[in-house]
Amino acid sequence: MNPMKALQGQGQSVWLDYIRRNLITSGELVRLVREDGLRGVTSNPTIFEKAIAGSTDYDEQLRSIISKGSCADTSALYETLAIEDIRMAADTLRPAYDETDGTDGFVCLEVSPSLARNTTATIAEARRLWHLVDRSNLMVKVPATPEGIPAIEALIAEGINVNVTLMFSLAHYEAVAQAYLRGLGRRPDPSRVTSVASFFVSRVDTAVDRALDAIGTPEALELRGEAAIANVKMAYQRFRRIFSGEQWERLAQRGARVQRPLWASTGAKNPAYPELLYVEEIIGPDTVNTLPPATLNVFLEHGLVRGATVQEGLVEAEAILARLKALGIDLDAITERLQTEGVAAFAASFDQLMAALEHKRDAILIGEVGCHNLNLGGYQARVEERLQRWQSINFSRRLWCKDSTLWSLEPVPELSNRLGWLSLPEMVYEQLDGFTVFADEVRNAQVRHVVLLGMGGSSLAPEVFHRIFGSAPDFPELIVLDSTHPATVRTAESRIDLRRALFLVSSKSGTTIETLALFRHFWHRVEQGTQRPGRSFVAITDPGTPLAYLARERGFRRLFEAPPDVGGRYSALTAFGLVPAALIGVDVHRLLDRAWRMAEASAFCVPERENPGLILGAALGELALAGLDKATFLASPSLEAFPAWLEQLIAESTGKDGKGIVPVVDEPPANPSVYGQDRFFVSICLEGDDSSSLDQRLKMLEAAGHPVIRIQLREKIDIGQEFFRWEVAVAAAGAAIGIHPFNQPDVEAAKELARKAMQQAGSKGQDHGLQGAELVAAAKHAEIGRALKKWLAQVKPGEYMTIQAYLHPTHETTDRLQQIRWTLLDRFGVATTLGYGPRFLHSTGQLHKGGPNTGLFLQLIYDVVDDLPVPETDYSFAALIQAQALGDSQALIERGRRVLRVHLGSEVGRGLKQLAVAISES
């Protein structure tokens, strides 16, 4: 049975906390009403602003208004757009209104948040909107502030339907219910007015959990995630008492309706909590639950309705609130603050809406967040056909419903439970204040360096943020340490004062061997200088991991948990990316805002042909299927770091089952004639950057017939939208190619081989024990010459060559490796890539082993002269990195890859010179 209709059987209606033009014009709202039983729609400035700024929904109407010259007043412009949406939605919901005799079928429109502290102005504005919309199934939203209470009474008395919003406490609810009753008492006929009382849920847990974390005792931590539902259950009991006494019975006999509680803010914001916690646990008669689209789609997919749960466990709920009080948690103070903050947040959203609309008006932009240009030549038709097929199967809606059959008809691990990234922009938004408060705490503690210890998805997004934005004034510098090379560890340590450094131990699984080795090294070093080493460490991980346990056991300064249904390479917009960004002063609110706009541009109700994420995904997929599987990235100076993040997203997501897209990043430029017909090019440019040479290069590539995709950003903060655009695109491309984009089946094999190499080589790290590829010495001229000729003779057109450097990354070493890379490109005309080990194992390693067998791998190692032991273990950093090199080589060989291993001796510079000479002579 449809879960929403099952809720109706329990006396609860579901409304949608979302409105935009495309939801209505696409027919999606009609479908939700007719097929799924949706009974209402709420709106707010945040949702409307994202739709205005993040889509083309309103462009045609805006152009029409602007062409008539009536566009000076931005607030009037907003009202024109919003009123049309509200009227159309009201007309769509009118059958539900008639069917329920005016109990349901409502659309809600908000009085300007700036009037929340003015009773008279609120009443006047509500009257004006009521008459302007001219729909009997309109509800005007009025906040439950002290000034709003008399406005509610007056409006109900006038017969204006009211959705009372921003209630968090029993005191709020009591005041609102009594105002409603007084208003009904003043009406000659109370039967034709309806009201709901919006009681906010998840925000209470967010605030109370923060207070419980600050207490930190086992008893306090045990109560996390309990306050909000207990609070709701008490409010529901109050509702039942108020609407059952003599006063109510007199009104009911005159036809009055109960003022139903509406549960608001019901999307789970804490990744440790079930995503339907605030839906399934607060079901009850005469209630409404208003769900954001992501939560609604999940509920439709696998929601469980087991009865009137809001009436269960009342004794336990009372006990929870009593325990909170005993711990010193003042719930009344917290809920008063939440209401104040809620009014301020809505006012800020309204201001942001006005700014977005003004920008849209002035620029008359067409989908700014979708600002891309595809010059694909003859391949454009394939992309259009793909989008048409996707539209015929409702790809966009199914994606947002987390329908795993888009990729596999059979149940597959790490598929349906890896789509949490879709709702991140909205879900994480309420966590941002916690991130920025912590960042201020760290800055005020005069921490000078934040050292991130992490690999792959834990390190790449923070590195992008650091390289694009740098550190804001007075904020710490970020050092990303994602290498276990002893020299790299020493170099990082030499840059910091251990007494003024904060270490972020970042691992999704909490078991990443490189991350834990780095943690043990720095823990040992910090421990030597303080009795409280834990104050210098922060953990970022999934809930319940060994790292989370370690953080609590050792008294880490903070523990940040990320959603378990978001894979590492999709985690840029979780704590993994945003906590480091906040610590260096990046405006994470604006960053996530841009991602949210792109989420709106790619929303479930946007036609596939207008969806920027799906358009890009169709291009990636169809070009790869046509044999153009080398995505070569070019970026303007300010954005040069971003392709490194894209490299992992694409390589790990698509490189499996013998298929995949090869991302080519930071390749030395060459004449277009050098490139084969297996390439397409993607440029990512920032307005205002000096990109004249890049523009000229792109024109030459297009003239030579190479497909080119151009993406233009207006300002740096817009990089937030690109994270989301590319996540949608790569997931969609996976569906086109025919692979599962969220797993990494070949990565664990290399890890296991590395563990075996460690065991067989012992703690000293000798390079033996497994049968890897041939190992030749760069110093032995004749020997390496023969090996190179044999290896290079295998190169075929349409393949790629990869340099895997298990070396200490320095500017000098990178320059020498890039020169070797250019020589290979110029000589063989095939795509080339470069990665430092073990870093690349977490970014492109999956592609190397599971993707198409079109790669040739040149692995470079050398003798580590000055090793470092890993404290609390029986191995050293040199042993670890050497074992990883050998394990990687063996994994490649087992999959039939063409591998040549070169030993550079003890002097890397000299060894690379010898290798370069040998390549030029081979």
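1. Some details on the overall build of the protein
Then, in step 1: Within the protein, the regular secondary structure consists of 37 helices and 23 strands.
Then, in step 2: Taken over the C-alpha trace, the protein has a radius of gyration of 30 Å; the compact-globule value for 922 residues is 29 Å, and the two agree within 12%.
Then, in step 3: Each principal axis of the C-alpha distribution contributes one length, and for the protein these read about 105 × 65 × 50 Å.
Then, in step 4: Within the protein, buried positions represent 63% of all 922 residues.
Then, in step 5: Taking as baseline every contact in the protein between residues at least 6 positions apart, the subset at least 24 positions apart corresponds to 80%.
Then, in step 6: Looking at the protein as shown, the accessible area adds up to about 32,700 Å², and 49% of this sits on carbon and sulfur atoms.
Then, in step 7: Treating the 96 positive side-chain charges of the protein as one cloud and the 113 negative ones as another, the clouds have centres 2 Å apart.

2. Some details on the sheet that holds strand β7 (residues 260–264)
What links the strands of a sheet is backbone hydrogen bonding, and the strands pair in either a parallel or an antiparallel sense.
Then, in step 1: Strand order in the closed barrel made by the eight strands is β1-β2-β3-β4-β5-β6-β7-β8, with parallel pairing throughout. On average, each strand axis in the sheet is inclined to that of its neighbour by 30°, with strand direction left out of account.
Then, in step 2: Note: strand β4 (residues 138–143) against strand β5 (residues 162–167), four bridges, orientation parallel. Among the inter-strand pairings, K141 is bridged to a residue of β5, identified as N163.
Then, in step 3: Across the sheet, helix α9 (residues 170–185) is in contact with β5 and β6 (195–200); its angle to β5 comes to roughly 165°.

3. Re the packing of α9 against helix α12 (residues 227–242)
Then, in step 1: Where α9 contacts α12, the two axes come as close as 10 Å, and the packing angle between them is 25°. Here α12 runs roughly parallel to α9, going by the angle between their axes. Judged by the sense of rotation from one axis to the other, the crossing of α9 with α12 is right-handed. Of the residues in α12, those in contact with L170, Y173, E174, A177, Q178 and L181 of α9 are N231, M234, A235, R238, F239 and I242.
Then, in step 2: Its residues placed into classes, the contact of α9 with α12 shows eight nonpolar, two polar and two charged.

4. Some points on the pattern of salt bridges
Then, in step 1: In total, this model carries 63 salt bridges according to the counting rule given.
Then, in step 2: With its nearest N and O atoms 3.3 Å apart, the salt bridge here joins R597 to D593. Here the residue R597 and the residue D593 both occupy positions in helix α27 (residues 588–601), the gap between them amounting to four residues, near one helical turn.
Then, in step 3: Residue classification places D593 among the buried residues on the basis of a relative accessible area of 1%.
Then, in step 4: For the salt bridge of K849 with D888, the shortest nitrogen-to-oxygen distance reads 2.6 Å. Of this pair, K849 sits in helix α35 (residues 845–850) while D888 sits in helix α36 (residues 877–894); the two residues are 39 residues apart in sequence, bridging distant segments of the chain. Pair check on accessibility: K849 and D888 agree, each one buried.

5. Looking at the environment of V428
Then, in step 1: Within the secondary structure layout, V428 lies in the loop between α20 (424–427) and α21 (432–444).
Then, in step 2: When the C-alpha positions of V428 and G529 are compared, they lie 36 Å apart, and in sequence the two are 101 residues distant.
Then, in step 3: Setting aside its immediate chain neighbours within four residues, V428 contacts F435, L573, L578 and L592.

6. Brief notes about the confidence of the model for the protein
Then, in step 1: Of the residues in the protein, 97% have a pLDDT of 70 or more, and the chain-wide mean is 93.
Then, in step 2: Predicted confidence for residues 763–769 stays below pLDDT 50, and this span has 17 contacts to residues more than four positions away or in other chains.

7. Comments concerning the side chain of E722
Then, in step 1: By secondary structure assignment, the location of E722 is in helix α31 (residues 719–737).
Then, in step 2: Note on E722: relative accessible area 0%, which makes it buried.
Then, in step 3: Apart from residues no more than four positions distant in its own chain, E722 is found in contact with F642, I711 and L713.

8. Description of the sheet that holds strand β9 (residues 372–375)
Then, in step 1: With mixed pairing, the five strands of this open sheet are ordered in space as β9-β18-β17-β15-β16. This sheet does not close on itself; its edge strands, each paired only once, are β9 and β16 (662–664). Neighbouring strand axes in the sheet, compared pairwise and without regard to direction, differ in orientation by 20° on average.
Then, in step 2: Judged from the six bridges that link them, strand β15 (residues 630–635) and strand β17 (residues 679–686) form a sheet pairing that is parallel. Residue pairing across strands places K630 opposite R679, the latter belonging to β17.

9. Let's talk about the packing of aromatic side chains
Then, in step 1: Summed over all chains, the structure comprises 36 aromatic pairs.
Then, in step 2: Measuring from centroid to centroid gives 5.7 Å for Y18 and F604, while their planes differ by 45°, and the two rings are tilted. Here the residue Y18 occupies a position in the loop between β1 (12–17) and α2 (21–25), and F604 occupies one in the loop between α27 and α28 (612–625), the gap between them amounting to 586 residues.
Then, in step 3: By relative accessible area, Y18 is classed as buried at 4%.
Then, in step 4: We classify F604 as buried; its relative accessible area is 8%.
Then, in step 5: Aromatic pair F519 and F537: ring centres 5.5 Å apart, planes at 85°, arrangement edge-to-face. Of the two residues, F519 sits in helix α24 (residues 513–527) while F537 sits in strand β13 (residues 537–541), which places them 18 residues apart along the sequence.
Then, in step 6: Taking the relative accessible area as the measure of exposure, F519 reaches 1% and is therefore buried.
Then, in step 7: By way of ring pairs, the aromatic residues W400, W407, W421, Y570, F724 and F742 are connected into one cluster.
Then, in step 8: In this structure, R554 is placed above the aromatic ring of W523, and the distance from its NZ or CZ to the ring centre is 5.1 Å.

10. Structural notes on helix α26 (residues 575–583)
Then, in step 1: Burial of α26 is extensive: nine of the nine residues sit out of reach of the surface.
Then, in step 2: Buried within α26 we find A575, F576, G577, L578, V579, P580, A581, A582 and L583.
Then, in step 3: Just downstream of α26 lies G585, where phi reads positive at about 90°.

11. Observations regarding the environment of F680
Then, in step 1: Of note, F680 is situated in strand β17.
Then, in step 2: Residue F680 is classed as buried on the basis of its relative accessible area, which comes to 0%.
Then, in step 3: In this structure, the C-alpha to C-alpha distance between F680 and A624, residues 56 residues apart in sequence, is 9.3 Å.

12. Regarding α28
Then, in step 1: Across its 14 residues, α28 extends 20 Å between first and last C-alpha, which sits within 8% of the 20 Å expected from 1.5 Å per residue.
Then, in step 2: Of all the 14 residues making up α28, 13 are buried; the element is thus mostly covered by neighbouring parts of the structure.
Then, in step 3: Regarding α28, its N-cap is N611, as a side-chain oxygen of that residue lies 3.1 Å from the backbone nitrogen of G613 further along.
Then, in step 4: Positioned one or two residues after α28, G627 has a phi angle of 100°, which is positive.

13. Re unusual backbone geometry
Then, in step 1: A cis amide bond, omega 5°, links G837 with the succeeding residue P838.
Then, in step 2: Within the element layout of this structure, P838 appears in the loop between β21 (831–836) and α35.
Then, in step 3: If you check the backbone angles, S265 has positive phi at about 55° while not being a glycine.
Then, in step 4: Position of S265 relative to the elements: it lies in the loop between β7 and α14 (277–280).
Then, in step 5: By relative accessible area, S265 is classed as buried at 11%.
Then, in step 6: Residue E872 is not a glycine yet carries a positive backbone phi of 70°.
Then, in step 7: Within the secondary structure, E872 is located in the loop between β22 (855–861) and α36.

14. Considerations on the pairing of β22
Then, in step 1: With seven of its seven residues buried, β22 lies for the most part within the structure.
Then, in step 2: Of the strand pairs in this sheet, strand β20 (residues 800–805) and β22 are connected by six bridges, and their pairing is parallel. What sits directly across from A805, in β22, is L860.
Then, in step 3: With α36 bridging β22 and its parallel neighbour strand β23 (residues 898–903), the resulting β-α-β unit is right-handed.

The rules behind each value
- Residues numbered from 1 in each chain as written.
- Predicted model: local features only at pLDDT ≥ 70, side-chain atom pairs only at ≥ 80, totals over all residues.
- Heavy atoms only, no water.
- Helix = DSSP H or I, 4+ residues; strand = E, 2+ residues; numbered from the N terminus.
- Rg over C-alpha atoms; globule rule 2.2 N^0.38 Å.
- Buried < 20%, exposed > 50% of the residue type's maximum accessible area, 1.4 Å probe, protein only.
- Contact = heavy atoms within 4.5 Å.
- Areas by Shrake-Rupley, 256 points an atom, 1.4 Å probe, with all protein chains shown as cover.
- Lys, Arg positive; Asp, Glu negative; His and termini not counted.
- Charge placed at Lys NZ, Arg CZ, Asp CG, Glu CD.
- Pairing = 2+ DSSP bridges.
- Axes fitted to C-alpha atoms, helices over the stretch in contact; angles between N-to-C directions.
- Parallel < 35°, antiparallel > 145°, perpendicular 65-115°, else oblique.
- Left-handed = near helix turned anticlockwise from the far one by under 90°.
- Nonpolar A, V, L, I, M, F, W, Y, C, P; charged D, E, K, R; others polar.
- Salt bridge = Lys/Arg side-chain N within 4 Å of Asp/Glu carboxyl O.
- pLDDT = per-residue confidence, 0-100.
- Phe/Tyr/Trp six-rings, centres within 6.5 Å; stacked < 30°, edge-to-face > 60°.
- Lys NZ or Arg CZ within 6 Å of the ring centre and 35° of its normal.
- Expected span 1.5 Å × (residues − 1).
- Polar contact = N/O pair within 3.5 Å; in protein donor to acceptor, adjacent residues only side chain to side chain.
- Right-handed = clockwise from strand over helix to strand, strands pointing away.

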